[in-house]
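The residues making up each chain are set out below.
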Amino acid sequence: MLISDKQQQANRQNAQKSTGPKTPEGREAVRFNALTYGLRTRETILQRENAKEYSDLWDELEADWQPQTRTERGYLETMVTSQWLLKRIADSERRIYQGVPIGEGQFRMLSYVAKQRAQLERSFRTAIADMRQSQKDRQDRQPQPPQMAQPAKPASSPAAKPSAPPAPPPDYVMSEGAAAHPFCCSPITPDTR
């Protein structure tokens, strides 16, 4: 659709009047106006989110893992961020179900949410594994205190009590490899119907 020269000139004049906020405070106040779901934002804490909850999450995970090195603090940050964004994903999913009509658009958005959730869960699990390995390596590098010698037992110790009689052998024998799937290895009972 083409517009007339007069309409185009009016649009240009109006555009000069609406340039948005000019001060840093004004820009800060409106920077999230268009934000609906928050799935792609780079901000850690959105305006509608509670910064204290984020801080509490950080404190809880820090108390659980007690990072000692910069690397371990990086793993902790990954864990906290992953958990925080997983919470945001759950909130966004709820908003999608409530605000987007059922159809191709909703399915596309929910598919994106599922991918984000899987990525964040993987990131969280990887950070935990890396943290455990880092802490294990750090403990292995620390010098171990010398072991105290165990006092020798006196030669005249009382005789050991007789142990219980050995258990009878089972009525059935599991096939090899069955230990990996114990739910399928119960003894077969005859049908008495």
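Before any of the text, the structure's been laid out above.
Bear in mind that the values here come from a model prediction, so they are computed numbers and not experimental data.

What counts and what doesn't
Residues numbered from 1 in each chain as written. Predicted model: local features only at pLDDT ≥ 70, side-chain atom pairs only at ≥ 80, totals over all residues. Heavy atoms only, no water. Phe/Tyr/Trp six-rings, centres within 6.5 Å; stacked < 30°, edge-to-face > 60°. Helix = DSSP H or I, 4+ residues; strand = E, 2+ residues; numbered from the N terminus. Buried < 20%, exposed > 50% of the residue type's maximum accessible area, 1.4 Å probe, protein only. Lys NZ or Arg CZ within 6 Å of the ring centre and 35° of its normal. Axes fitted to C-alpha atoms, helices over the stretch in contact; angles between N-to-C directions. Parallel < 35°, antiparallel > 145°, perpendicular 65-115°, else oblique. Left-handed = near helix turned anticlockwise from the far one by under 90°. Nonpolar A, V, L, I, M, F, W, Y, C, P; charged D, E, K, R; others polar. Polar contact = N/O pair within 3.5 Å; in protein donor to acceptor, adjacent residues only side chain to side chain. Core = buried A, V, L, I, M, F, W, Y, C linked by side-chain atoms within 4.5 Å. Contact = heavy atoms within 4.5 Å. Expected span 1.5 Å × (residues − 1). Arc of directions from axis to C-beta. Salt bridge = Lys/Arg side-chain N within 4 Å of Asp/Glu carboxyl O.

## Points about the packing of aromatic side chains
Per the counting criterion, the structure on display carries 1 aromatic pair. Here tyrosine 54 and tryptophan 84 contribute two aromatic rings whose centre-to-centre distance is 5.3 Å and whose plane-to-plane angle is 80 degrees, an arrangement assigned as edge-to-face. With tyrosine 54 in helix H3 (residues 51-65) and tryptophan 84 in helix H4 (residues 70-99), this pair connects stretches of sequence that are 30 residues apart. Relative accessible area serves as the criterion here: at 3%, tryptophan 84 is assigned to the buried category. Here the guanidinium or amino end of lysine 87 rests over the ring plane of tryptophan 84, the centre of that ring lying 5.1 Å away.

## Let's talk about the packing of H4 against helix H5 (residues 104-141)
Packing of H4 against H5 brings their axes to within 8 Å, and their N-to-C directions diverge by 160 degrees. Classified by the angle their axes make, H4 and H5 are roughly antiparallel. The element H4 and its partner H5 pack so that their crossing is left-handed. The residue makeup of the contact of H4 with H5, split by class, is 17 nonpolar, 8 polar and 6 charged.

## Details of the side chain of arginine 88
By secondary structure assignment, the location of arginine 88 is in helix H4. One polar contact links arginine 88 to glutamate 49, side chain to side chain, over a distance of 2.9 Å.

## Focus on the nonpolar core
With 13 residues, the main nonpolar core has Leu61, Trp65, Leu76, Met79 and Val80 as its most contacted residues. The element best represented in this core is H3, accounting for 5 residues. In contact with methionine 79, other than residues within four places in its own chain, are Leu61, Trp65, Phe124, Ala127, Ile128 and Met131. Counting 7 residues, the second-largest nonpolar core is a separate cluster that includes Leu86, Ile96, Leu110 and Leu120.

## So, H3
For H3, with 15 residues, the first-to-last C-alpha span of 21 Å sits near the 21 Å given by 1.5 Å per residue. Among all positions in H3, only Tyr54, Leu57, Trp58, Leu61 and Trp65 are buried. For H3, the angular spread of the buried residues around the axis is 100 degrees, confining them to a single face. Exposed and facing more than 90 degrees away from the buried side of H3 are Lys52, Glu60 and Ala63. Those residues of H3 that are buried lie in contact with H4 and H5. Put simply, asparagine 50 is the residue that caps the front of H3, since its side-chain oxygen is 2.9 Å from the backbone nitrogen of lysine 52. Residue glutamine 66 follows H3 closely and has a positive phi angle near 45 degrees.

## Considerations on the packing of H3 against H4
Their axes nearest at 10 Å, the elements H3 and H4 cross at an angle of 135 degrees. Comparing the axis directions of H3 and H4 gives the class oblique. The chirality of how H3 crosses H4 is right-handed. Across the interface between the two elements, Glu53, Tyr54, Leu57, Trp58, Leu61, Glu62 and Trp65 of H3 pack against Arg73, Leu76, Glu77, Met79, Val80, Thr81, Gln83, Trp84 and Lys87 of H4. Taken together, the residues of the contact of H3 with H4 break down into 9 nonpolar, 2 polar and 5 charged.

## What about the pattern of salt bridges?
Under the definition given, this model contains 10 salt bridges. Among the ionic pairs, arginine 117 bridges to glutamate 93, the shortest N-O distance being 2.7 Å. Taken together, the residues span a long stretch of sequence, with arginine 117 in helix H5 and glutamate 93 in helix H4 at a distance of 24 residues. Residue arginine 117 is classed as partly exposed on the basis of its relative accessible area, which comes to 24%.

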